[in-house]
Amino acid sequence: MSDIKLFHFGEGGVAELPGSAVQVEKSLQGMFEANLEALLGVRFLASEHSTGPVHGGRIDTLGLDEDNSPIIIEYKRSVNENVINQGLFYLDWLLDHRKEFQWLVMERLGPEAAKGVDWSAPRLLCVAGDFTRYDEHAVKQIARNIELIRYRRFGDDLLMMELVHASRANRSGGSKVSADSRQLSTSEQTADGAQENDPYLSQRMSYRLSQSPTELRDIYDAVYQFLAGLGDDVQVKELKLYTAFKRLKNFVCMEIYPQARTVTLYLKVDPSTVALDNGFTRDVSNVGHFGTGDLQVTLKSMADFERAQPLLRQAYEGG
């Protein structure tokens, strides 16, 4: 059981607020679906989505996360319910019905969102008042993108969420993009729809990394290892157009530009709280860009990386 406790300090002293889990799944589901973007950075698509007569199931919540990855959310009604296996069944169904999902995205969010769906890392989120040790052990043995989130309600207006487990596929203790693995071969360039004459090939992170000089890759690696080492709850998602660092939601997105010789970061930090420095920090809250975050930080040297570290910690702590 979760041992997190919440205390209220008032004039009468200190009082512990009793925590509880919502016993009725539907009320929990409704609470999350009404606030998905604020809680998890997920855009709502559908509730109780039918998988058809052959599969005979209903996905609790379907959504699209801030990295445009499909996401399934399942809510655990009781401690003994095997919600993980049920979620994996739905995840396989989703991968077999991509066109149906993209049509749903187009209806709810528009054609641009449907075109931008990223199938490289679909996610399964299991939400529960608590998990057994068998749940936590099971997901560690499964090579799928599964996250376990524990919650508690405190009174009528307080909600606590704790990330119990994040998939190893999305977690890293160091950079996966070492110099030996950055060379983008001709076969890789022509795989998975990325033809040599693809006008979008130059935008892909793998291509930009392969074209970057050693000193620029060193900055990228230093930032990667610094962010991944900020806490055990940091997840790393290496996407086509950027690398995202997240807890429950993204707190930093990173890109690399070999021609400009810069590593560009987008931080979930309010730009109005920062003394902006031209050429180093910039308010992009009204500027279109890949990834998430309203504060842009441009790194051209290791000295810039050292200057940026307090901002990176601030983004992590606020994430």
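The structure presented is a predicted model; accordingly, all values stated were derived computationally and were not measured. (Residues numbered from 1 in each chain as written. Predicted model: local features only at pLDDT ≥ 70, side-chain atom pairs only at ≥ 80, totals over all residues. Heavy atoms only, no water.)

**Some remarks on the overall build of the chain**
A count of helices and strands for the chain gives 11 helices and 15 strands. Within the chain, buried positions represent 49% of all 319 residues. Here the analysis covers contacts within the chain between residues at least 6 apart in sequence; of these, 57% occur between residues at least 24 apart. Put simply, the chain shows about 16,000 Å² of open surface, and 49% of that area lies on carbon and sulfur atoms. (Helix = DSSP H or I, 4+ residues; strand = E, 2+ residues; numbered from the N terminus. Buried < 20%, exposed > 50% of the residue type's maximum accessible area, 1.4 Å probe, protein only. Contact = heavy atoms within 4.5 Å. Areas by Shrake-Rupley, 256 points an atom, 1.4 Å probe, with all protein chains shown as cover.)

**Overview of the nonpolar core**
Core analysis: the largest hydrophobic core is formed by 33 residues, its most contacted members being Phe-245, Val-252, Val-263, Leu-265, Leu-267, Val-297 and Leu-299. When contributions to this core are tallied by element, the ones reaching two or more residues are helix 9 (205–211), helix 10 (214–228), strand 12 (250–257), strand 13 (262–267), strand 15 (295–299) and helix 11 (302–318). At 9 residues, helix 10 tops the list of elements feeding residues into this core. Apart from residues lying up to four places away in sequence, Leu-265 is in contact with Val-223, Val-252, Cys-253, Met-254, Leu-295, Gln-296, Val-297, Leu-299 and Leu-312. Counting residues in each nonpolar core, the second largest holds 27 residues, with Leu-62, Ile-72, Leu-88 and Leu-91 among its members. (Core = buried A, V, L, I, M, F, W, Y, C linked by side-chain atoms within 4.5 Å.)

**Observations concerning the side chain of Thr-281**
Within the element layout of this structure, Thr-281 appears in strand 14 (residues 281–283). Polar side-chain contacts of Thr-281 include one of 2.7 Å to the backbone nitrogen of Asp-277. For Thr-281, the residues in contact, after removing those within four places along its chain, are Ala-275, Leu-276, Leu-295, Gln-296, Val-297 and Leu-311. (Polar contact = N/O pair within 3.5 Å; in protein donor to acceptor, adjacent residues only side chain to side chain.)

**A few points about the pattern of salt bridges**
One pass over the structure, following the stated rule, counts 15 salt bridges. The salt bridge involving Asp-65 is made with Arg-123; its shortest N-O contact spans 2.8 Å. Here Asp-65 is found in strand 5 (residues 58–65), whereas its partner Arg-123 is found in strand 7 (residues 123–128), with 58 residues between them in sequence. One salt-bridge network, held together by shared partners, links Asp-65, Asp-67, Arg-123, Glu-147 and Lys-237. (Salt bridge = Lys/Arg side-chain N within 4 Å of Asp/Glu carboxyl O.)

**Concerning the pairing of strand 5**
The element strand 5 is extensively covered by neighbouring structure, given that 7 of its 8 residues are classed as buried. Summarising the sheet, strand 4 (residues 42–50) and strand 5 pair through 7 bridges and their orientation is antiparallel. Looking at the pairing, Phe-44 lines up with Gly-63 of strand 5. Taken together, the 4 bridges between strand 5 and strand 6 (residues 70–75) define a ladder with antiparallel strand orientation. (Pairing = 2+ DSSP bridges.)

**Some points on the packing of aromatic side chains**
To describe a pair of aromatic rings, you give the distance between the ring centres and the angle between the ring planes. Throughout the structure, instances matching the rule amount to 7 aromatic pairs. On the numbers, 5.5 Å between centres and 70 degrees between planes, the contact of Phe-101 with Trp-119 is edge-to-face. Linking Phe-101 in helix 5 (residues 98–109) with Trp-119 in the loop between helix 6 (111–115) and strand 7, this pair joins segments that are 18 residues apart in sequence. Considered together, Phe-101 and Trp-119 belong to a single accessibility category, that of buried residues. Sitting over the ring of Tyr-257, Arg-208 keeps its end group 5.0 Å from the ring centre. Above the plane of the ring of Tyr-316 lies Arg-247, whose end atom (NZ or CZ) is 4.0 Å from the centre. (Phe/Tyr/Trp six-rings, centres within 6.5 Å; stacked < 30°, edge-to-face > 60°. Lys NZ or Arg CZ within 6 Å of the ring centre and 35° of its normal.)

**Concerning the sheet that holds strand 10 (residues 235–238)**
Spatial strand order, 10-11-12-13-15-14: 6 strands in an open sheet with antiparallel pairing. Each of the sheet's edge strands pairs with one partner strand only, and the pair in question is strand 10 and strand 14. Taking each pair of neighbouring strands and ignoring which way they run, the sheet shows an average axis angle of 20 degrees. Sheet contacts for helix 11: strand 12, strand 13, strand 14 and strand 15; angle to strand 15, the most-contacted strand, approximately 155 degrees. (Axes fitted to C-alpha atoms, helices over the stretch in contact; angles between N-to-C directions.)

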